[in-house]
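Okay, here's what each chain looks like letter by letter:
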Amino acid sequence: MPTVEISPSRRLRRTALTLVALVLPLLPAAAQAVTLQVIGVSGANPAAMSVGETITIDVRVVADADAVYGLGVSAYGYDEAVVDYVDGSGLAVASIFHAVAIPPATALIGLDNAIGNPLLESVIGGNDPRVWLFTGTSLSPANAQPLDPGLDGVVGGGDAQFRVTFQAVAPGATQIVFGTGYEGDAVVLADGVQIQAVSGIVAVSVLGTTAVPSLQGILLYGLLPALLVGAALAAVRRHGELGG
Amino acid sequence: MHSQESLDTATFGLPASLFLLALLVVLLASSQASAQLDGDGDLVPDSFDNCLEIANGPNEPSNQVDTDLDGYGNPCDGDYDNSLIVDASDYATGFFPTLAGPGTLTDHDGNGIVTVTDFSLFLRQFSSGVPGPSGLACAGTIPCLP
């Protein structure tokens, strides 16, 4: 029986292809099933806020066709020394993922939200505060659809499902993250597998209120010494008049 | 003379008494090692660990907590009604009403609030249909006090 010689490079290529074929099925099929999408920012310019100004951020959950069994979402990561949470609301309807809409044939059932309105800041353990937007679980799989109603309750409106307002409290920079990274939040898939959603992030910059400090500077470092010098000169003159 | 010497050094060139002593030491060491197995790496030996596959040792808030004393630690005990089955009724009457609030049995990770990460622990057990596994021999009987 004739034997076929295989060159070393060909053997190497064959080994590499075999390895790839073995490893590919082990890779996760979908890295992220859920995305938190910032669909609008109103009020002040988040890149140049002044102290006291507010911004209102609209957020919507979008997902691919993957089946979701649980979802926990928060607004977190913000520096409370820079911005402070003012107010917020979530889902005018009781649940997300087309609980009101008539789902298309490919859609699964809805996922109820256990968080009521108005949205509140809360804390787990020693973590920083967050605004808890959504937490929902189901033994049956759910998935988001474009038809999912938002705050206006209209099916297919595509509007925000969560709306939060923050106020600038002091100069500085921070970011508000909408996602599943806070303790206790996650996207839960079949068999309890947890993954992270793709976050929506709003960068905020609060500028120093330049007018007030410069006025203070004039008073402290310009006007005040001038007044003192003037008073001293007047005293010297008065002393001279009395002496002379 | 020769036969006596061969008897004394019959085992790997060691005197028989020394060989027996070494054997005893090896046996003791191996039994100690098996008693100290810690599959989930939570610093609690498996034979004392009420959750064998989920870390619930001294470095976790859920440190061996077993609220209903059934021998299954809270992180791996989705059987809230102690029927020895984790099913939809445990979810409907046990887990779901406590979501986003403080829980006792349903706060599987012991962080003080019931979240979707607790749900993921429940769902793991729901998929398998049973609580645990626990390393305690008395698991499933109340009270199971190791």
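For clarity, every value in this text was computed on a predicted model and none was experimentally measured.

1. Overview of the overall build of chain B
Looking only at helices and strands, one finds four helices and zero strands in chain B. Listed by position from the N terminus, the elements making up chain B come as α-α-α-α. Buried positions account for 36% of the 146 residues belonging to chain B. In chain B, the proportion of contacts linking residues at least 24 apart, taken out of those at least 6 apart, comes to 44%.

2. What to know about the sheet that holds strand β4 (residues 83-90) of chain A
All names here are of chain A. Taken in spatial order, the four strands make up an open sheet running β1-β2-β9-β4, and their pairing is antiparallel. Lying at the two open borders of the sheet, with one neighbouring strand each, are β1 (34-43) and β4. For this sheet, the mean inter-axis angle between neighbouring strands, taken without regard to orientation, is 25°.

3. A closer look at the interface of chain B and chain A
Listed as interface residues are 18 residues of chain B and, on the opposing side, 19 residues of chain A. For the side of chain B that touches chain A, the secondary-structure elements that each account for two or more residues are α3 (88-95) and α4 (116-128) of chain B. Ranked by residue count, the leading element in the side of chain B that touches chain A is α4 of chain B, at nine residues. Tallied by class, residues from the side of chain B that touches chain A come to eleven nonpolar, six polar and one charged.

4. Topic: the pairing of strand β10 (residues 172-179) of chain A
Residue and element names in this part refer to chain A. As judged from the three bridges shared by strand β3 (residues 68-76) and β10, these two strands associate in the antiparallel manner. In the strand pairing of β10, A75 is matched with F178. Looking at chain direction, β10 and strand β13 (residues 200-206) are connected through seven bridges and run antiparallel. What sits directly across from G172, in β13, is V206.

5. A short note on unusual backbone geometry
Note that the residue after N117 of chain A, namely P118 of chain A, is joined by a cis bond; omega there is -5°. Here P118 of chain A is to be found in the loop between β6 (111-112) and β7 (121-122). With an omega of 0°, the peptide bond running from I142 of chain B to P143 of chain B counts as cis. If you trace the backbone, P143 of chain B turns up in the segment after α4. Backbone geometry places L43 of chain B, a non-glycine residue, at a positive phi of 75°.

6. Regarding α4 of chain B
Counting along an α-helix, one turn takes 3.6 residues, and residues three or four places apart therefore face a common direction. Across its 13 residues, α4 of chain B extends 18 Å between first and last C-alpha, which sits within 8% of the 18 Å expected from 1.5 Å per residue. Across the 13 residues of α4 of chain B, ten count as buried, placing the element largely inside the fold. Residues V116, T117, D118, F119, S120, L121, F122, L123, Q125 and F126 of chain B constitute the buried set of α4 of chain B. Contacts made by the buried residues of α4 of chain B are with β3, β8 (130-142), β11 (187-188) and β12 (194-195) of chain A together with α3 of chain B.

7. Focus on the environment of S127 of chain B
Note that S127 of chain B resides in helix α4. Considered as a pair, S127 of chain B and D90 of chain B are 37 residues apart in the sequence and their alpha carbons are 13 Å apart. In this structure, S127 of chain B is in contact with D191 and G192 of chain A, ignoring residues within four places of it in sequence.

8. With respect to the confidence of the model for chain B
Do not read the predicted coordinates in detail wherever pLDDT is low. Residue and element names in this part refer to chain B. Scored by pLDDT, chain B comes out at a mean of 86, with 76% of its residues at no less than 70. Per-element mean pLDDT across chain B ranges from 47 in helix α1 (residues 2-8) up to 97 in α4. Ignoring residues within four places in sequence, the model shows residues 1-10, a span with pLDDT below 50, making five contacts including any to other chains. Quick note on the complex model: pTM equals 0.74, ipTM equals 0.76.

Rules of the game
Residues numbered from 1 in each chain as written. Chains lettered and ligands numbered in written order. Predicted model: local features only at pLDDT ≥ 70, side-chain atom pairs only at ≥ 80, totals over all residues. Helix = DSSP H or I, 4+ residues; strand = E, 2+ residues; numbered from the N terminus. Buried ≥ 20, exposed ≤ 12 C-beta atoms within 10 Å, placed from the backbone. Contact = placed C-beta atoms within 7 Å. Pairing = 2+ DSSP bridges. Axes fitted to C-alpha atoms, helices over the stretch in contact; angles between N-to-C directions. Nonpolar A, V, L, I, M, F, W, Y, C, P; charged D, E, K, R; others polar. Expected span 1.5 Å × (residues − 1). pLDDT = per-residue confidence, 0-100.

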